Amino acid sequence: MAKNSKSNLSEKQSISPPETTSINSAEKIKINRRKQTSVEEYVSKILHGDITFLSRAITLVESTNKKHSQKANAILNACLPYANNSVRIGITGVPGVGKSTFIETFGKYLTNIGKKVAVLAVDPSSSVNKGSILGDKTRMEQLVTDKNAFIRPSPSGTSLGGVAQKTRESIILCEAAGFDTIIIETVGVGQSETVVHSMVDFFLLLKLSGAGDELQGIKRGIIEMADAIVINKADGDNIKNAKIAKVEFNRALHLYPPKKNGWTPKTMVASALNNKGIDKIYATISTYIQQAKETKYFEKKRATQSKNWLYTTIEEELKKRFYENNEVKTLLKKEIKKLEQSKTTPFNAADKLLKLSNNR
């Protein structure tokens with residue numbers, strides 16, 4: 001009897017697959033189902049505000065895989081008629097100015113008054129290993145759990161101005177998902193914030209008082225682009241310094257020519273930590289948007305941004321195709337060796353490479 005039991009057990013073991021094989025098969029089925037998700041299903045889920053599918057669609061948009069890009073473009077085209085119905089706010093400032101804390105406090109204020117907020121937070125990528133921390137979700141503990149908020153950290157990569165290359169496409173998807181306020185947090189590198197300015201309706205610059213940069217550290221281009229300057233961390237012993245900085249920035253703003261839309265940039269103080277001044281900042285943004293829409297400047301600016309977006313996309317695609325050209329890759333290696341041996345100049349090498357690319 002025992003012998004038969006042992007025999008039966010042996011047969012069962014030979015018939016049944018190992019436990020690890022069953023797990024692997026389940027994972028494969030799950031992966032295959034994900035790969036087979038249709039464009040129509042993506043769009044339907046996004047339009048119904050499904051955060052999971054929104055995140056997956058943004059991942060497709062950010063992917064460099066050609067198949068993913070094709071699918072992402074199809075999703076974007078289908079979502080486009082449902083986009084362009086939000087207020088886009090760019091927020092920048094030097095590291096340490098308190099951008100994440102400010103955005104969380106500001107975001108919570110917006111959701112409390114009935115807004116749906118999407119935060120596209122761009123984390124700096126390392127120039128050495130290309131890695132990125134992507135820690136904004138951990139810094140915005142309250143906002144990340146808000147059902148009316150969506151936080152998407154993305155690596156800045158090599159994008160100019162510290163903004164992810166596909167941020168514009170992500171904006172469209174978030175708008176289609178029903179988010180009426182899009183906040184874009186930039187790295188705050190202080191040199192090429194033009195990229196952010198070219199995709200938002202309102203550009204907010206966060207500054208610190210008492211850091212020795214009230215006037216000396218002002219970047220002319222950023223100040224000219226700013227629609228409002230907020231002296232953050234105006235709390236505790238720093239309140240007096242914040243008020244002094246506000247006066248100095250107001251004086252500095254008067255030295256700049258008036259904006260084309262007739263808007264006079266505002267300077268305010270706030271404490272994101274203590275939730276002070278946030279309501280005034282929102283009131284200022286609302287006033288700006290209302291004025292821009294009444295004067296038709298809002299639509300004109302969006303149209304100009306779309307045109308610039310086209311040019312940028314063409315430039316990026318041309319650059320991509322250039323470096324993906326196998327003949328260019330081969331010649332590039334040769335020309336770099338010549339450069340290292342001082343047998344050619346960068347200009348001659350570039351001319352050769354471009355001619356090869358054009359004749360292809």
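Residues numbered from 1 in each chain as written. Predicted model: local features only at pLDDT ≥ 70, side-chain atom pairs only at ≥ 80, totals over all residues. Heavy atoms only, no water.

All right, on to unusual backbone geometry then. Here Asn84, not a glycine, exhibits a phi torsion of approximately 65 degrees, which is positive. Relative to the elements of secondary structure, Asn84 occurs in the loop between helix H5 (66–79) and strand S1 (87–92). Residue Asn84 is classed as partly exposed on the basis of its relative accessible area of 44%. Unlike most non-glycine residues, Ser342 shows phi in positive territory, near 60 degrees. Mapped onto the secondary structure, Ser342 falls in the loop between helix H14 (326–340) and helix H15 (346–359). (Helix = DSSP H or I, 4+ residues; strand = E, 2+ residues; numbered from the N terminus. Buried < 20%, exposed > 50% of the residue type's maximum accessible area, 1.4 Å probe, protein only.)

Right, let's talk about the packing of aromatic side chains for a bit. All chains considered together, the criterion is met by 7 aromatic pairs. Their ring planes at 75 degrees and their centres at 5.6 Å tell us that Tyr42 and Phe53 sit as a pair that is edge-to-face. With Tyr42 in helix H3 (residues 39–47) and Phe53 in helix H4 (residues 51–62), this residue pair connects regions lying 11 residues apart in the sequence. What makes Phe53 buried here is its relative accessible area of 9%. Each residue in the set Phe202, Trp263 and Tyr288 is aromatic and connected to the rest through ring pairs, giving one cluster. Lys116 extends its terminal NZ or CZ atom over the ring of Phe179, reaching a point 4.8 Å from the ring centre. Positioned above the aromatic ring of Phe298, the side-chain terminus of Lys293 is 5.0 Å from the ring centre. (Phe/Tyr/Trp six-rings, centres within 6.5 Å; stacked < 30°, edge-to-face > 60°. Lys NZ or Arg CZ within 6 Å of the ring centre and 35° of its normal.)

Right, let's talk about the pairing of strand S7 (residues 266–269) for a bit. By the bridge criterion, 4 bridges tie strand S6 (residues 228–231) to S7 in an arrangement that is parallel. Bridging across to S7, Ala228 finds its partner in Lys266. (Pairing = 2+ DSSP bridges.)

Scored by pLDDT, the protein chain comes out at a mean of 82, with 78% of its residues at no less than 70. Averaged pLDDT values over the elements of the protein chain bottom out at 45 in helix H1 (residues 2–15) and peak at 97 in H3. Within the model, the stretch residues 5–23 combines pLDDT values under 50 with 1 contact to residues more than four positions away or in other chains. Every residue in residues 125–135 scores below 50 in pLDDT, and together they form 17 contacts with partners more than four places removed in sequence or on other chains. (pLDDT = per-residue confidence, 0-100. Contact = heavy atoms within 4.5 Å.)

One finds Leu173 and Cys174 to be the most contacted residues of the largest nonpolar core, which totals 44 residues. Tallying contributions element by element places H4 first for this core, with 6 residues. With sequence-adjacent residues up to four places away left out, Leu173 is seen in contact with Ile46, Leu54, Ala57, Ile58, Val61, Ile75, Leu76 and Cys79. Counting residues in hydrophobic clusters, the runner-up holds 33 residues, among them Ile103, Met140, Leu143 and Ile289. (Core = buried A, V, L, I, M, F, W, Y, C linked by side-chain atoms within 4.5 Å.)

Before going further, it helps to examine the packing of H3 against H4. Two numbers describe how H3 lies on H4: the axes approach to 9 Å, and their chain directions differ by 130 degrees. It follows from the interaxial angle that H3 and H4 lie oblique. The crossing of H3 and H4 is left-handed. Note on element contacts: H4 touches H3 through Phe53, Leu54, Arg56, Ala57 and Leu60, opposite Glu41, Tyr42, Lys45 and Ile46. Looking at the contact of H3 with H4 residue by residue, the class counts come to 6 nonpolar, no polar and 3 charged. (Axes fitted to C-alpha atoms, helices over the stretch in contact; angles between N-to-C directions. Parallel < 35°, antiparallel > 145°, perpendicular 65-115°, else oblique. Left-handed = near helix turned anticlockwise from the far one by under 90°. Nonpolar A, V, L, I, M, F, W, Y, C, P; charged D, E, K, R; others polar.)

The interhelical angle for the contact between H4 and helix H8 (residues 167–176), taken along N-to-C directions, is 160 degrees, at an axis separation of 10 Å. In terms of axis orientation, H4 runs roughly antiparallel to H8. In the packing of H4 onto H8, the handedness of the crossing is right-handed. On H8, the residues that touch Leu54, Ala57, Ile58 and Val61 of H4 are Glu169, Ser170, Leu173 and Cys174. Here the contact of H4 with H8 is composed, by residue class, of 6 nonpolar, 1 polar and 1 charged.

So, on to the environment of Thr101. In this fold, Thr101 is placed in helix H6 (residues 99–112). Looking at Thr101, the relative accessible area reads 36%, which means it is partly exposed. C-alpha separation for the pair Thr101 and Asn275, spaced 174 residues apart in sequence, amounts to 10.0 Å. Those residues in contact with Thr101, other than ones at most four positions away along the chain, are Ala272 and Leu273.

Quick look at a nonpolar patch on the surface now. Together, Leu310, Tyr311, Ile314 and Leu318 line one region of the surface with nonpolar side chains, adding up to about 410 Å² of accessible area. Relative to the helices and strands, Leu310 resides in helix H13 (residues 297–324). Take Leu310: its relative accessible area is 49%, and that puts it in the partly exposed class. (Patch = residues over 30% accessible without salt bridge, like charges linked within 9 Å, V, L, I, M, F, W, Y side chains within 5 Å. Areas by Shrake-Rupley, 256 points an atom, 1.4 Å probe, with all protein chains shown as cover. Salt bridge = Lys/Arg side-chain N within 4 Å of Asp/Glu carboxyl O.)

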